[in-house]
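Here are the chains, one letter per residue:
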Amino acid sequence: MQSVKSSIISEERNKLIDQLRLRGITDENVLAIMNSLPRERFVGGGFEKKAYEDSALPIGLQQTISQPYTVAFMTQMLQIQPGEKVLEIGTGSGYQAAVLAKLGAKVYTIERHFELYKQARQILAELSIQVFTRQGDGTIGWKDNAPYDAIIVTAGAPDVPNSLVAQLRIGGRMILPIGDEKTQMLTLVRRIDQEHYEGHNLGEFRFVPLVGKEGWQEKK
Ligand code: SAH
(Lines give C-alpha, C1' and ligand atoms only; values in the text may rest on other atoms or scores of the structure.)
Protein backbone atom coordinates (compact mmCIF):
# COMPACT_ATOMS: atom_id res chain seq x y z
CA MET A 1 0.00 0.00 0.00
CA GLN A 2 1.19 3.51 -0.80
CA SER A 3 1.83 5.93 2.03
CA VAL A 4 -0.08 9.24 2.03
CA LYS A 5 3.12 11.08 1.18
CA SER A 6 4.00 8.91 -1.79
CA SER A 7 0.47 9.06 -3.16
CA ILE A 8 0.56 12.87 -2.99
CA ILE A 9 3.88 12.79 -4.84
CA SER A 10 2.58 10.50 -7.56
CA GLU A 11 -0.46 12.73 -8.00
CA GLU A 12 1.76 15.82 -8.36
CA ARG A 13 3.98 13.95 -10.77
CA ASN A 14 1.01 12.91 -12.91
CA LYS A 15 -0.11 16.52 -13.05
CA LEU A 16 3.33 17.64 -14.18
CA ILE A 17 3.37 15.00 -16.92
CA ASP A 18 -0.06 16.18 -18.13
CA GLN A 19 1.28 19.74 -18.23
CA LEU A 20 4.28 18.64 -20.29
CA ARG A 21 1.94 16.90 -22.72
CA LEU A 22 -0.16 20.06 -23.02
CA ARG A 23 2.98 22.05 -23.73
CA GLY A 24 3.76 19.80 -26.69
CA ILE A 25 5.90 16.93 -25.39
CA THR A 26 4.80 13.88 -27.40
CA ASP A 27 7.49 11.28 -26.68
CA GLU A 28 5.64 8.89 -24.37
CA ASN A 29 8.87 7.12 -23.50
CA VAL A 30 10.37 10.32 -22.14
CA LEU A 31 7.15 11.16 -20.29
CA ALA A 32 6.96 7.70 -18.71
CA ILE A 33 10.54 7.95 -17.49
CA MET A 34 9.96 11.40 -16.02
CA ASN A 35 6.86 9.99 -14.36
CA SER A 36 8.97 7.31 -12.70
CA LEU A 37 11.88 9.46 -11.46
CA PRO A 38 11.79 11.03 -7.99
CA ARG A 39 12.76 14.61 -8.97
CA GLU A 40 12.50 15.60 -5.29
CA ARG A 41 15.63 13.53 -4.63
CA PHE A 42 17.65 15.68 -7.04
CA VAL A 43 16.35 18.93 -5.56
CA GLY A 44 17.78 19.83 -2.18
CA GLY A 45 17.86 22.79 0.14
CA GLY A 46 14.20 22.82 1.13
CA PHE A 47 12.92 23.09 -2.44
CA GLU A 48 11.65 19.49 -2.47
CA LYS A 49 8.07 20.72 -2.13
CA LYS A 50 8.38 22.44 -5.48
CA ALA A 51 9.91 19.42 -7.21
CA TYR A 52 6.82 18.84 -9.38
CA GLU A 53 6.29 22.43 -10.45
CA ASP A 54 7.38 23.04 -14.00
CA SER A 55 10.21 25.34 -13.03
CA ALA A 56 13.97 25.43 -12.62
CA LEU A 57 15.09 25.30 -8.96
CA PRO A 58 18.30 26.27 -7.14
CA ILE A 59 20.74 23.43 -6.34
CA GLY A 60 23.46 25.57 -4.73
CA LEU A 61 26.57 27.31 -6.07
CA GLN A 62 24.26 29.58 -8.10
CA GLN A 63 23.29 26.66 -10.33
CA THR A 64 19.87 25.20 -11.10
CA ILE A 65 18.18 21.94 -11.95
CA SER A 66 16.59 22.59 -15.37
CA GLN A 67 12.85 23.09 -15.73
CA PRO A 68 11.10 19.74 -16.41
CA TYR A 69 9.80 21.08 -19.74
CA THR A 70 13.36 21.89 -20.84
CA VAL A 71 14.60 18.42 -19.85
CA ALA A 72 11.69 16.77 -21.70
CA PHE A 73 12.11 18.95 -24.78
CA MET A 74 15.88 18.50 -25.09
CA THR A 75 15.60 14.76 -24.52
CA GLN A 76 12.79 14.41 -27.04
CA MET A 77 14.76 16.34 -29.68
CA LEU A 78 17.80 14.07 -29.27
CA GLN A 79 15.78 10.91 -30.07
CA ILE A 80 18.02 8.65 -27.99
CA GLN A 81 18.09 4.97 -28.89
CA PRO A 82 18.95 2.28 -26.32
CA GLY A 83 22.66 1.53 -26.26
CA GLU A 84 23.71 4.91 -27.62
CA LYS A 85 26.67 6.67 -26.07
CA VAL A 86 25.72 10.10 -24.79
CA LEU A 87 27.86 12.85 -23.27
CA GLU A 88 26.29 15.47 -21.03
CA ILE A 89 28.03 18.72 -20.13
CA GLY A 90 26.72 20.18 -16.86
CA THR A 91 25.66 17.33 -14.55
CA GLY A 92 24.17 19.76 -12.02
CA SER A 93 21.70 17.72 -9.98
CA GLY A 94 22.09 14.58 -12.11
CA TYR A 95 18.42 14.57 -13.12
CA GLN A 96 18.94 14.97 -16.88
CA ALA A 97 21.63 12.27 -16.80
CA ALA A 98 19.17 9.97 -15.02
CA VAL A 99 16.52 10.51 -17.72
CA LEU A 100 19.06 9.66 -20.43
CA ALA A 101 20.26 6.56 -18.59
CA LYS A 102 16.67 5.35 -18.11
CA LEU A 103 16.22 5.63 -21.88
CA GLY A 104 18.93 2.98 -22.14
CA ALA A 105 21.79 5.26 -23.12
CA LYS A 106 25.33 4.80 -21.86
CA VAL A 107 25.74 8.18 -20.20
CA TYR A 108 28.92 10.14 -19.49
CA THR A 109 28.48 13.43 -17.67
CA ILE A 110 30.85 16.20 -16.61
CA GLU A 111 30.31 18.83 -13.93
CA ARG A 112 32.66 21.72 -13.20
CA HIS A 113 31.74 22.17 -9.50
CA PHE A 114 33.14 19.45 -7.25
CA GLU A 115 30.30 19.70 -4.71
CA LEU A 116 27.61 19.22 -7.35
CA TYR A 117 29.54 16.39 -8.99
CA LYS A 118 29.79 14.63 -5.64
CA GLN A 119 26.14 15.13 -4.76
CA ALA A 120 24.86 14.00 -8.15
CA ARG A 121 27.09 10.94 -8.08
CA GLN A 122 25.72 9.95 -4.70
CA ILE A 123 22.05 10.36 -5.63
CA LEU A 124 22.50 8.43 -8.87
CA ALA A 125 24.18 5.62 -6.93
CA GLU A 126 21.42 5.59 -4.31
CA LEU A 127 18.83 5.23 -7.07
CA SER A 128 20.96 2.51 -8.76
CA ILE A 129 21.12 4.49 -12.00
CA GLN A 130 24.34 3.82 -13.89
CA VAL A 131 26.01 6.99 -15.16
CA PHE A 132 29.72 7.74 -15.58
CA THR A 133 30.42 10.99 -13.76
CA ARG A 134 33.46 13.21 -13.75
CA GLN A 135 34.49 16.59 -12.43
CA GLY A 136 36.13 18.99 -14.85
CA ASP A 137 35.68 21.40 -17.74
CA GLY A 138 33.16 19.85 -20.11
CA THR A 139 33.73 22.36 -22.91
CA ILE A 140 36.69 20.28 -24.01
CA GLY A 141 34.64 17.07 -23.83
CA TRP A 142 35.69 13.63 -22.56
CA LYS A 143 37.98 12.36 -25.26
CA ASP A 144 38.69 8.88 -23.89
CA ASN A 145 35.16 7.67 -24.65
CA ALA A 146 34.59 9.54 -27.93
CA PRO A 147 32.98 9.41 -30.43
CA TYR A 148 29.51 9.98 -28.97
CA ASP A 149 26.19 9.38 -30.70
CA ALA A 150 24.79 12.43 -28.98
CA ILE A 151 25.97 15.32 -26.80
CA ILE A 152 23.75 17.45 -24.58
CA VAL A 153 25.01 20.73 -23.15
CA THR A 154 22.83 21.97 -20.30
CA ALA A 155 24.50 25.35 -19.79
CA GLY A 156 24.49 28.35 -22.14
CA ALA A 157 27.46 28.56 -24.54
CA PRO A 158 28.74 31.61 -26.46
CA ASP A 159 29.24 29.38 -29.50
CA VAL A 160 29.53 25.71 -30.52
CA PRO A 161 32.64 24.30 -28.77
CA ASN A 162 34.85 22.81 -31.50
CA SER A 163 36.14 20.06 -29.21
CA LEU A 164 32.60 18.79 -28.71
CA VAL A 165 31.83 18.64 -32.44
CA ALA A 166 35.09 16.76 -32.92
CA GLN A 167 33.93 14.14 -30.36
CA LEU A 168 30.60 13.53 -32.12
CA ARG A 169 30.43 10.62 -34.51
CA ILE A 170 29.64 11.51 -38.13
CA GLY A 171 25.84 11.77 -38.21
CA GLY A 172 25.76 12.33 -34.45
CA ARG A 173 23.70 15.10 -32.93
CA MET A 174 24.26 17.67 -30.24
CA ILE A 175 21.82 19.95 -28.51
CA LEU A 176 23.04 23.13 -26.86
CA PRO A 177 21.91 26.63 -25.94
CA ILE A 178 23.87 29.36 -27.75
CA GLY A 179 23.62 33.05 -26.97
CA ASP A 180 24.61 35.65 -24.43
CA GLU A 181 24.71 35.12 -20.68
CA LYS A 182 20.98 35.86 -20.27
CA THR A 183 19.06 34.13 -23.05
CA GLN A 184 20.06 31.55 -25.60
CA MET A 185 18.77 29.90 -28.74
CA LEU A 186 18.49 26.18 -28.21
CA THR A 187 20.30 24.67 -31.19
CA LEU A 188 20.26 21.17 -32.62
CA VAL A 189 23.54 20.37 -34.38
CA ARG A 190 24.19 17.42 -36.66
CA ARG A 191 27.72 16.51 -37.67
CA ILE A 192 27.67 15.92 -41.42
CA ASP A 193 31.27 14.86 -42.08
CA GLN A 194 34.83 15.46 -40.89
CA GLU A 195 34.67 19.23 -41.42
CA HIS A 196 31.00 20.16 -41.48
CA TYR A 197 28.00 20.38 -39.23
CA GLU A 198 24.56 21.91 -39.58
CA GLY A 199 22.46 23.62 -36.93
CA HIS A 200 18.73 24.27 -36.42
CA ASN A 201 17.21 26.76 -34.04
CA LEU A 202 14.60 25.35 -31.68
CA GLY A 203 13.56 28.50 -29.82
CA GLU A 204 14.69 30.67 -26.94
CA PHE A 205 15.55 29.25 -23.51
CA ARG A 206 17.44 30.43 -20.43
CA PHE A 207 20.34 28.52 -18.93
CA VAL A 208 23.13 29.26 -16.50
CA PRO A 209 26.41 30.02 -18.32
CA LEU A 210 28.79 27.37 -19.62
CA VAL A 211 32.09 28.36 -18.05
CA GLY A 212 35.32 26.94 -19.43
CA LYS A 213 38.03 26.90 -22.05
CA GLU A 214 35.56 26.81 -24.95
CA GLY A 215 32.76 28.60 -23.10
CA TRP A 216 32.56 31.81 -21.06
CA GLN A 217 35.53 32.99 -19.05
CA GLU A 218 35.20 32.65 -15.29
CA LYS A 219 34.39 36.00 -13.60
CA LYS A 220 37.03 36.94 -11.05
N1 SAH B 1 21.64 18.99 -16.36
C2 SAH B 1 21.51 19.62 -15.07
C3 SAH B 1 21.35 21.13 -15.20
C4 SAH B 1 22.40 21.81 -14.41
S5 SAH B 1 22.62 23.54 -14.71
C6 SAH B 1 20.41 18.97 -14.24
O7 SAH B 1 19.73 18.08 -14.75
O8 SAH B 1 20.25 19.33 -13.07
C9 SAH B 1 24.15 23.50 -15.60
C10 SAH B 1 25.34 22.95 -14.90
O11 SAH B 1 26.45 23.13 -15.79
C12 SAH B 1 25.75 23.65 -13.61
O13 SAH B 1 25.79 22.70 -12.58
C14 SAH B 1 27.14 24.20 -13.91
O15 SAH B 1 28.01 24.15 -12.80
C16 SAH B 1 27.61 23.29 -15.02
N17 SAH B 1 28.68 23.80 -15.88
C18 SAH B 1 28.87 25.06 -16.34
N19 SAH B 1 29.97 25.11 -17.12
C20 SAH B 1 30.49 23.85 -17.17
C21 SAH B 1 31.62 23.24 -17.80
N22 SAH B 1 32.46 23.93 -18.56
N23 SAH B 1 31.82 21.92 -17.62
C24 SAH B 1 30.98 21.18 -16.84
N25 SAH B 1 29.91 21.70 -16.21
C26 SAH B 1 29.66 23.01 -16.38
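Data block above holds the structure.
Participant: Explain the pattern of salt bridges to me, please; I cannot follow it from the model alone.
Facilitator: Under the counting rule described, the total for this entry stands at 11 salt bridges. For the salt bridge of R41 with E126, the shortest nitrogen-to-oxygen distance reads 2.6 Å. Pair noted here: R41 is in helix 3 (residues 39-42) and E126 is in helix 6 (residues 114-126), with a separation of 85 residues, a long-range link. Given a relative accessible area of 44%, E126 falls into the partly exposed group. Between K219 and E181 there is a salt bridge, with the nearest N and O atoms lying 2.9 Å from each other. One end of the pair, K219, is in the segment after strand 9 (197-205); the other, E181, is in the loop between strand 7 (168-179) and strand 8 (184-191), with 38 residues separating them in the sequence. A relative accessible area of 33% places E181 in the partly exposed class.

Participant: Explain the site of the ligand to me, please; I cannot follow it from the model alone.
Facilitator: Not every one of the 27 residues close to the ligand is listed here, only the nearest: E88, S93, E111, G138 and V211. Between the ligand and S93 there is a distance of 2.6 Å, counted from an oxygen atom to a side-chain nitrogen or oxygen. Measuring from a nitrogen atom of the ligand, one finds a backbone N or O atom of G138 at 2.8 Å. Within the complex, 99% of the 590 Å² of free accessible area of the ligand lies under protein. At the level of elements, strand 2 (63-65), strand 3 (85-89), helix 5 (95-102) and strand 4 (106-111) are the ones that each hand at least two residues to the shell around the ligand. With three residues, the single largest contributor to the shell around the ligand is strand 2. Among the residues making up the shell around the ligand, the classes are represented as 10 nonpolar, 13 polar and four charged.

Participant: What should I look at first to understand the sheet that holds strand 6 (residues 148-153) in this one?
Facilitator: Pairing between sheet strands relies on hydrogen bonds along the backbone, with the strands arranged either parallel or antiparallel. Spatial ordering of the open sheet is given by 5-4-3-6-7-8-9, a layout of seven strands whose pairing is mixed. The open sheet is flanked by strand 5 (132-135) and strand 9, the only strands paired with a single partner. The sheet shows a mean angle of 15 degrees between the axes of neighbouring strands, direction not considered. Pairing between strand 8 and strand 9: seven bridges, direction antiparallel. Counted as the bridge partner of V189 is G199 from strand 9.

Participant: Is there a simple way to explain helix 6 in this structure?
Facilitator: Residues spaced three or four apart along an α-helix face the same direction, because each turn holds 3.6 residues. Given a rise of 1.5 Å per residue, 13 residues ought to cover 18 Å, and the 18 Å separating the end C-alpha atoms of helix 6 matches this to within 8%. Along helix 6, the residues that are buried comprise L116, Y117, A120, I123 and L124. Buried residues of helix 6, viewed axially, fall in a sector of 140 degrees; they line one side. Its buried side turned inward, helix 6 meets helix 3, strand 1 (57-60), strand 2, helix 5, strand 4 and strand 5. S128 occupies a position one or two residues after helix 6 and carries a positive phi of about 55 degrees.

So, how was this worked out
Residues numbered from 1 in each chain as written. Predicted model: local features only at pLDDT ≥ 70, side-chain atom pairs only at ≥ 80, totals over all residues. Heavy atoms only, no water. Salt bridge = Lys/Arg side-chain N within 4 Å of Asp/Glu carboxyl O. Helix = DSSP H or I, 4+ residues; strand = E, 2+ residues; numbered from the N terminus. Buried < 20%, exposed > 50% of the residue type's maximum accessible area, 1.4 Å probe, protein only. Near = heavy atom within 4 Å. Polar contact = N/O pair within 3.5 Å; in protein donor to acceptor, adjacent residues only side chain to side chain. Areas by Shrake-Rupley, 256 points an atom, 1.4 Å probe, with all protein chains shown as cover. Nonpolar A, V, L, I, M, F, W, Y, C, P; charged D, E, K, R; others polar. Pairing = 2+ DSSP bridges. Axes fitted to C-alpha atoms, helices over the stretch in contact; angles between N-to-C directions. Expected span 1.5 Å × (residues − 1). Arc of directions from axis to C-beta. Contact = heavy atoms within 4.5 Å.

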